[in-house]
Amino acid sequence: MEAGLIGREAELERLEALLERARGGEGGIVLLAGEAGVGKSRLSAALAQDAGVPVLRGAAAQGRTAPYGPLVAALRALLHARPGGLDACGPLRTHLARLLPELGEAAAETDRATLFEALRCALASAGPALVLLDDLHWSDEATLEVLAALAEPLADMPLLIVAAYRSDGLPRMHGLRRLRNDLRRAGRFDELALGPLDLEQTSALLTHILPAPPAPATARAIHDRTEGIPFFAEELARALQISGALRPADGTLELAADGEVPLPDTVRDAVLIGVSELSEECRAAIEVAAVAGESFDLRVVAELSSEAGLTELLEAGVAREGADGTGSFRHALTREALYADLPWMGRRTLHRRIAGALERRAAPARDIAPHWLGAHAEAHARAALLRAAAESEAVHAHRDAAAALRQALELWPENDDPAGHVSALERYARSCQLSGELSEAARALREIVAAGERHDRYADALRSLAAVHELRGDTDAATAARHDAAAAFAAGGRDAEAAVERIALANQRRMSARHGEAIELARIATADADRAGRLDLRVRALGIEGMALAKHRDYDEGLRVVRGGLALALEHDLTVVAAELYQRLSVTLYESADYRRAEEALDTALELCRATSDTSAVSACVSCLAYVLRERGEWSRATEICRDMLASGTSVFVAEGLLGAIHAYEGRYGSARRLLTSSLAVASRLGHYNMTVDTTAALARVAAAEGDVEDAAARCRAFLARWEASDDRHYALAGLRWAAAFHAQQGDRAGAHACAEALAGIASATGHPDALAALAASIAETALMEGDAATAAEQLTRAVELHRELDTPYERLQVELRAGLALAAAGERELALERLSDAYRSARKLGARPMAAAAANAVAALGESVAAQLGVRAEADADGAGLSRREREVMRLVAVGRTNREIARDLFLSQRTVDMHVRNILRKLDCRSRVEAAGRARELGLVES
């Protein structure tokens, strides 16, 4: 057995099992962790020795790893072994060429996602294979991001990646910690941690490397001093040999002078003893190599020392020669020990000389910058770091670019090259933003802004700062920055840019239901656009102005303005803008509950958006379409759209909110609560008024349905408070009507009156049928609370008539149900049964099971036969949860723990039929397990407790 594998048998066996599984097509990533010198590289080498598949190696280098460097080295090894090994990558080959120039012409442009896919394809082409990546504690960030992205696809690839890193002293914010978290979240976390050797294993290791076994006392002394770290133990043993501190005794080696010979205290001491007998020429070469890095250019070392010294260095085994003109120390700790022994001024001098040699050879800036830093040549270092950042930016390695720019900025003298400093800050902010480091991006942009208007980038920095604040969810700060940016653009005569910012501000104010402010900003933006001669911007401003007018105070005028803008866009063939205006038109139309024409406008908008590949406009149209379909009762189509949005990551919080509300209507309260809570959190953070009130109202309904009256009341109060702080005249209608009914049924006179007053204000301002219907319903609920059933029946009957003009079936069936109950209370039995029957049929058609059950139960409460009045299926609805008679029988047996096979036997059914019934029960009760369904059935009284 190889010396370095003493005590690693179990670890090697586990890695071999993972490799065997990868050969069968189930690949993965295993992180190999351990402190410096513990034997990670030796274990990887042992795995490679009998791998039976191609082995591709790559490693990171301290302070100068190229973006994707370890992976590029591994792919380069593949190309050396199989020159056509990446031909299968097809069109992606030109994108790989940006990282591997030997592949030929590179793509003129690329992006991060395409590069990641190209690397995935390249690695897939290598399989079956073993990829060994070493020293990832020094890795570039881009490599770690790719590894995280590969976790999922590797499961179907014949490829095992073993990524080794030092676990001791890993900084808290190191990218490896993010990688471990990403792998853990994806369920792909597999880590192998190597610990120190025990005394017996250390003794076995020493027996392999010494000419004779160590005496027990010698082994104990070395083990105690090295704490079981294999590399230190080996270096210490060699140092003792060289210094003559070991002597033969009874077939073993013991410490001379009765064990009193002093042992080197550190790895550094042991390494230095090991090279102490080499020639002066060799020691000079060692000094140059140690300053050059753990891996180094052999030509540079020879140039700055001597050929003879370099040759002796390699022959002595201090370093080894690679196949590409590079050398590397046998272990990182060797280099660290030799570097630390050099005098400070000597290190500075050598760093300067190496930097100069690398620049003469046109080496990459990332290789040169650490040496100018080591030489304390700050101006040269800053220039090299800026070039290194550009190298990373070119391949979308944004975290690495940010790190280089951060170092360059730290070296920037005060008041030196202000324009260059601003440019570097902008690049730093952009790289931070693209890598998700939003706090750092904001800090850099604030520094630019703080410099005032002394440079022409002031307004642009404010615009970028607004975008960063928006990404962070800080709406107030984003609004303030965008206001300042618009003013700065206008002051600088950049009217088009000012119009863009004011349009964005107007739209944000609209989304926050601050429609008066939106109108004013849109009109200023129109003037900016006219001064700039930009008809497209004028049309966009008109679209927002019209929407805000329709929402705020004048529906007809708002509709006229939007249509005027749309006509301009169509007349001048502004296709993209026309698509946006069609979407604005749809929003204006559904403000008056004209959902049919709103859907038609959205269909046209989507056709135009898809023709122009405008993804942001498509997203807005699809979100609006899902809302319109939900309101029109087309829940299947709305659900399908929402699921597509969730799958694509488009407007996720909107999709969650709309889908959660549909689940609530269907009685699927568990999933509804999860989706709505997630949506509300994001909508509140973004200041998105529509989804905030929509999800709050839906959560109130869920709480009431589940019997949590206090939570429902609290959400109703929050809903009303949010509406009162807005200019909204549409989105709150349904919620206010439902809240008025809820408060009245709870005897909360103040709450019911507050909702009625809010509805009265909306109805008087708009006169829309939906507002008038909601007001009539709220008056009726107050009348019912006060015992005036006749007035309640009259008002709810009026609300039903008003709803006949509207295309909102779920709202209509709720009003019909309440009208039926009010008519029954007023003694109008026949009319009550008619209303309740209408409500039941509407609920069944929609799939609103709770409403169907409520209507069926109301019929039963009147002493009528539910089956005769509503049909046989209605009996199941009246019993709760919409379970059929057979499903209730199955549910009772599920609740006592019977299996499907046992239920089939007891009820004389096929097991397949029972399986179907159980699936239906879980769906109807909105449960994910049989145990959860049993509990829900007990709550509903379907089975005995």
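Residues numbered from 1 in each chain as written. Predicted model: local features only at pLDDT ≥ 70, side-chain atom pairs only at ≥ 80, totals over all residues. Heavy atoms only, no water.

(A) Seen up close, unusual backbone geometry. Here the phi dihedral of Glu227 falls at roughly 55°; this positive angle occurs in a residue that is not glycine. Of note, Glu227 is situated in the loop between α9 (216-226) and α10 (230-242). If you check the backbone angles, Asp417 has positive phi at about 50° while not being a glycine. Mapped onto the secondary structure, Asp417 falls in the loop between α20 (398-410) and α21 (418-434). (Helix = DSSP H or I, 4+ residues; strand = E, 2+ residues; numbered from the N terminus.)

(B) Quick peek at the packing of aromatic side chains. What the rule picks out here adds up to eight aromatic pairs. Ring centres of Phe296 and Phe329 lie 5.5 Å apart, and the angle between their planes is 65°; on these two criteria the pair is classed as edge-to-face. Of this pair, Phe296 sits in strand β8 (residues 295-297) while Phe329 sits in strand β10 (residues 326-329), and the two are 33 residues apart along the sequence. Of the residues examined, Phe329 reaches a relative accessible area of 1% and is grouped as buried. When the centroid spacing of 5.5 Å and the interplanar angle of 40° are considered together, the rings of Tyr627 and Tyr731 count as tilted. Taken together, the positions of Tyr627 in helix α31 (residues 615-631) and Tyr731 in the loop between α36 (709-724) and α37 (733-745) put the pair 104 residues apart, joining distant regions of the chain. Residue Tyr731 is classed as buried on the basis of its relative accessible area, which comes to 10%. Among the aromatic residues, ring-to-ring pairing joins Tyr595, Tyr627 and Tyr731 into one connected group. In this arrangement the basic side chain of Arg335 is found over the ring face of Tyr339, its NZ or CZ atom lying 4.7 Å from the centre. Above the plane of the ring of Trp412 lies Arg382, whose end atom (NZ or CZ) is 4.6 Å from the centre. (Phe/Tyr/Trp six-rings, centres within 6.5 Å; stacked < 30°, edge-to-face > 60°. Buried < 20%, exposed > 50% of the residue type's maximum accessible area, 1.4 Å probe, protein only. Lys NZ or Arg CZ within 6 Å of the ring centre and 35° of its normal.)

(C) Representation of a negative patch on the surface within the structure. The grouping of Glu35, Asp168, Asp224 and Glu227 at the surface amounts to a negative patch. With respect to the secondary-structure elements, Asp224 resides in helix α9. (Patch = residues over 30% accessible without salt bridge, like charges linked within 9 Å, V, L, I, M, F, W, Y side chains within 5 Å. Areas by Shrake-Rupley, 256 points an atom, 1.4 Å probe, with all protein chains shown as cover. Salt bridge = Lys/Arg side-chain N within 4 Å of Asp/Glu carboxyl O. Lys, Arg positive; Asp, Glu negative; His and termini not counted. Charge placed at Lys NZ, Arg CZ, Asp CG, Glu CD.)

(D) Quick peek at empty space enclosed by the protein. Tallied over the full model, the rule gives two cavities of 30 Å³ or more. When its volume is computed, the largest cavity comes out at roughly 330 Å³. Every residue lining the largest cavity is counted, 24 residues in all, and those nearest its centre are Glu631, Leu733, Ala734, Gly735 and Glu811. Mapped by element, the contributors of at least two residues to the lining of the largest cavity are α31, α33 (652-666), α35 (689-705), α37 and α39 (769-785). Among the elements that line the lining of the largest cavity, the one with the most residues is α35, at five residues. The class makeup of the residues in the lining of the largest cavity is 13 nonpolar, four polar and seven charged. Of the volumes computed, that of the second largest cavity is approximately 40 Å³. Every residue along the wall of the second largest cavity is listed here: Arg630, Glu631, Trp635, Tyr665, Tyr810 and Glu811. Residue assignment for the lining of the second largest cavity shows that the elements contributing at least two residues are α31 and α41 (809-825). (1 Å grid on protein atoms, 1.4 Å probe; cavity = no way out; pocket = protein on both sides within 12 Å on 5 of 7 lines; lining within 4 Å. Points joined across faces, edges and corners; volume = space filled by probe spheres on them. Nonpolar A, V, L, I, M, F, W, Y, C, P; charged D, E, K, R; others polar.)

(E) Expanded view of the packing of helix α22 (residues 438-450) against helix α23 (residues 458-472). Closest axis-to-axis distance for the α22/α23 pair is 9 Å, and the angle between their directions is 155°. Between α22 and α23, the angle falls in the class roughly antiparallel. You can see that α22 and α23 cross each other, and the crossing is left-handed. Residues Leu438, Ser439, Ala441, Ala442, Leu445, Arg446, Ile448 and Val449 of α22 touch α23, and the partners they reach there are Tyr458, Ala461, Leu462, Ser464, Leu465, Val468, His469, Leu471 and Arg472. (Axes fitted to C-alpha atoms, helices over the stretch in contact; angles between N-to-C directions. Parallel < 35°, antiparallel > 145°, perpendicular 65-115°, else oblique. Left-handed = near helix turned anticlockwise from the far one by under 90°. Contact = heavy atoms within 4.5 Å.)

(F) Examining the layout of surface pockets more closely. Each pocket or cavity is described by its volume, and for the second largest pocket that value is around 1400 Å³. In terms of lining residues, the second largest pocket is bounded by 44 residues, among which Asn507, Arg510, Met511, Ala620 and His688 are the most central. Only α23, α24 (475-491), α25 (495-511), α29 (575-591), α31, α33 and α35 provide two or more residues apiece to the lining of the second largest pocket. Within the lining of the second largest pocket, the residues separate by chemical class into 23 nonpolar, 13 polar and eight charged.

(G) Fine view of the side chain of Gln795. Inspection of the secondary structure assignment puts Gln795 in helix α40 (residues 789-803). Assessed through its relative accessible area of 18%, Gln795 is described here as buried. Beyond its immediate chain neighbours, meaning those up to four positions away, Gln795 contacts Ala776, Ile779 and Ala780.

(H) Broad picture of the state of the cysteines. One pass over the structure, following the stated rule, counts zero disulfides. Summary of cysteine pairing: Cys89 is not part of a disulfide, and the nearest cysteine sulfur, belonging to Cys121, is at 3.1 Å. Residue classification places Cys89 among the buried residues on the basis of a relative accessible area of 3%. (Disulfide = S-S within 2.5 Å.)

(I) How the structure looks around the pairing of strand β1 (residues 28-34). Burial analysis of β1 places seven of its seven residues in the buried class, the great majority of the element. Where burial is concerned, the two faces of β1 agree: the one with Gly28, Val30, Leu32 and Gly34 and the one with Ile29, Leu31 and Ala33 are both buried. As paired strands, β1 and strand β4 (residues 159-166) are joined by seven bridges and run parallel to one another. Bridged to Gly28 within β4 is Leu160. Alignment of β1 against strand β5 (residues 191-193), held across three bridges, turns out to be parallel. Of the residues in β5, the one forming a bridge with Ala33 is Ala193. (Pairing = 2+ DSSP bridges.)

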